[in-house]
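Geometric and topological summary
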Amino acid sequence: MLALSAEGILPKVDYAIFADTGWEPKAVYSHLDRLEREIAKPAGIPILRVTSGNIRSDALDPGHRFASMPLYILNQDGKAGMTRRQCTGEYKIKPIKKQVRELLGYPYPARIPRDVFVEQWVGISTDEFHRAKDADVKYMRNRHPLIDMGWSRGDCIRYLSSLGLADTPKSSCLGCPFHGNAQWRHIRDTSPAEWADVVEFDAAIRKGNARANATGNRLLGEAFLHRSRIPLSEAPIDHVTAAEWAALQQEVGAEEDAEQLEEGVADGCSPWACRGEIAAAQDDFGLAT
């Protein structure tokens with residue numbers, strides 16, 4: 001959407017907003033720098049980077065109120081469970097709303113007049129049109145330009161490729177529990193330092209919420225990053241799922257691959273469409289006019 005706006009295919013936006021959890025892969029930060037340098041600045045579109053803190057550090061800080069990640073739990077009775085997902089709201093939606101309020105001139109807790117609002121573009125493509133929803137506040141009105149244009153994920157990838165951006169990485173926390181095996185393998189095989197980071201984090205969260213532990217709460221189970229509920233360093237991430245094999249048989253070229261379709265979840269995280277709930281494909285950008 002940013003490139004389409006910069007090229008004049010879509011109207012020029014006033015701002016692009018990137019919600020930074022503080023724990024994105026290095027490739028995402030490098031890509032964002034490139035977008036700012038090659039796409040946004042030449043078009044006069046500021047990219048605003050907003051944050052609610054570093055999700056990794058906050059998760060391990062017993063003195064910090066932590067919005068829980070969707071960790072996989074193995075209860076003491078052997079039953080499987082999962083913690084609530086609060087991270088998207090806290091580390092993505094909240095800082096974007098705060099920034100939008102400031103841009104409108106009504107920072108919290110000021111009341112925003114009914115006739116004052118932003119048009120916010122959300123990058124949902126036709127592949128998941130059912131996820132296009134209205135904003136939950138009156139000062140933000142969602143629009144979905146890719147759906148309006150009839151663009152699928154494949155159309156987006158072709159367009160990015162034409163701009164030399166075919167290597168656009170998926171935006172998500174490095175240690176997101178919604179990663180599929182393909183994404184875990186990619187981290188392990190391409191970035192030893194980042195793999196060591198997530199393995200260390202996985203071990204550190206075994207007893208769950210650091211703050212709850214510090215206050216003496218009774219441990220009800222063990223927490224894991226991988227859905228197998230096995231330590232990440234030992235988890236069966238080399239297992240190729242049936243969905244991944246099926247994807248390899250499809251004639252989709254560079255538009256979709258096994259990593260994107262594995263177990264029905266495309267890796268990545270967007271403020272208004274967490275990919276852990278359903279397969280999705282959109283950039284972690286909010287664009288406001």
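Residues numbered from 1 in each chain as written. Predicted model: local features only at pLDDT ≥ 70, side-chain atom pairs only at ≥ 80, totals over all residues. Heavy atoms only, no water.

Below, the discussion takes up the overall build of the chain. Within the chain one finds eleven helices and eight strands. Within the chain, contacts between residues at least 6 apart in sequence are counted, and of these 64% link residues at least 24 apart. Of the roughly 14,000 Å² of accessible surface on the chain, a fraction of 52% belongs to carbon and sulfur atoms. (Helix = DSSP H or I, 4+ residues; strand = E, 2+ residues; numbered from the N terminus. Contact = heavy atoms within 4.5 Å. Areas by Shrake-Rupley, 256 points an atom, 1.4 Å probe, with all protein chains shown as cover.)

Formed by 26 residues in total, the largest nonpolar core has its most connected members in Trp23, Ile55, Met69, Trp184, Trp195, Val198 and Phe201. Where this core is concerned, the elements lending two or more residues are helix H3 (55–60), strand E3 (72–75), helix H4 (87–104), helix H7 (181–190) and helix H8 (192–204). The greatest single-element share of this core, amounting to three residues, is contributed by H8. Setting aside chain neighbours within four positions, we find Ile55 in contact with Thr21, Trp23, Phe66, Met69, Cys87, Tyr91 and Cys173. Listed in part, the 22 residues of the second largest apolar core include Ala3, Leu35, Ala40 and Leu165. (Core = buried A, V, L, I, M, F, W, Y, C linked by side-chain atoms within 4.5 Å. Buried < 20%, exposed > 50% of the residue type's maximum accessible area, 1.4 Å probe, protein only.)

Our focus in this paragraph is the confidence of the model for the chain. Averaged over every residue, the pLDDT of the chain is 86; the share at 70 or more is 82%. Note on residues 251–265: pLDDT is under 50 here. Beyond four places in sequence and across chains, it has 41 contacts. Considering only residues more than four positions removed or in separate chains, one finds that residues 278–286, a stretch of pLDDT under 50, has 46 contacts. (pLDDT = per-residue confidence, 0-100.)

This brings us to the environment of Met82. Within the secondary structure, Met82 is located in strand E4 (residues 80–82). Separated by 141 residues in sequence, Met82 and Ala223 have C-alpha atoms that sit 8.4 Å apart.

Reading across the sheet, the three strands line up as E4-E3-E7 and stay open at both edges, with antiparallel pairing between neighbours. Strand pairing shows two members of the sheet lacking a second neighbour, E4 and strand E7 (221–224), which therefore form its edges. The mean angle between the axes of side-by-side strands here comes to 30°, regardless of whether they run parallel or antiparallel. Here E3 pairs with E4 via three bridges, running antiparallel. The partner of Tyr72 across the bridge, within E4, is Met82. (Pairing = 2+ DSSP bridges. Axes fitted to C-alpha atoms, helices over the stretch in contact; angles between N-to-C directions.)

The next point concerns the packing of H7 against H8. Where H7 meets H8, the closest approach of the two axes is 5 Å, and the angle between their N-to-C directions is 125°. Judged on the interaxial angle alone, H8 and H7 are oblique. For the pair formed by H7 and H8, the contact residues are Trp184, Ile187, Arg188 and Thr190 on the first element and Pro192, Glu194, Trp195 and Val198 on the second. Split by residue class, the contact of H7 with H8 holds five nonpolar, one polar and two charged. (Parallel < 35°, antiparallel > 145°, perpendicular 65-115°, else oblique. Nonpolar A, V, L, I, M, F, W, Y, C, P; charged D, E, K, R; others polar.)

Another aspect to go through is the environment of Ile205. As for its placement among the helices and strands, Ile205 is situated in the loop between H8 and helix H9 (210–214). Taking C-alpha positions, Ile205 is 7.1 Å from Phe224, a pair spaced 19 residues apart along the chain. Contacts of Ile205, omitting those with residues within four sequence positions, involve Leu60, Leu71, Ala223, Phe224 and Leu225.

In strand E6 (residues 140–143), alternate side chains face the same way, and those of Met140 and Asn142 are buried while those of Arg141 and Arg143 on the opposite face are not. Where strand E5 (residues 118–121) lies against E6, four bridges are found, and the strand directions are parallel. Among the inter-strand pairings, Trp121 is bridged to a residue of E6, identified as Arg143.

Once that is clear, we can look at the side chain of Asp58. Looking at where Asp58 falls in the secondary structure, it is placed in helix H3. Note on Asp58: relative accessible area 9%, which makes it buried. What Asp58 contacts, discounting residues up to four positions off in sequence, is Ser52, Gly53, His64, Phe66 and Tyr91.

Once their charged atoms are close, side chains differing in charge can pair, the charge on each being opposite to the other. Summed over the entire model, instances satisfying the criterion amount to 16 salt bridges. Among the salt bridges present, the one from Lys92 reaches Glu24, with a minimum N-O distance of 3.9 Å. Highlighted residues: Lys92 in helix H4 and Glu24 in the loop between strand E1 (15–19) and helix H2 (26–43), separated in sequence by 68 residues. Comparing Lys92 with Glu24 shows no difference in burial state: the two are buried. The shortest N-O distance in the salt bridge between Lys94 and Glu90 comes to 3.4 Å. Residue Lys94 and its partner Glu90 are both found in helix H4; the two are separated by four residues, about one turn of the helix. (Salt bridge = Lys/Arg side-chain N within 4 Å of Asp/Glu carboxyl O.)

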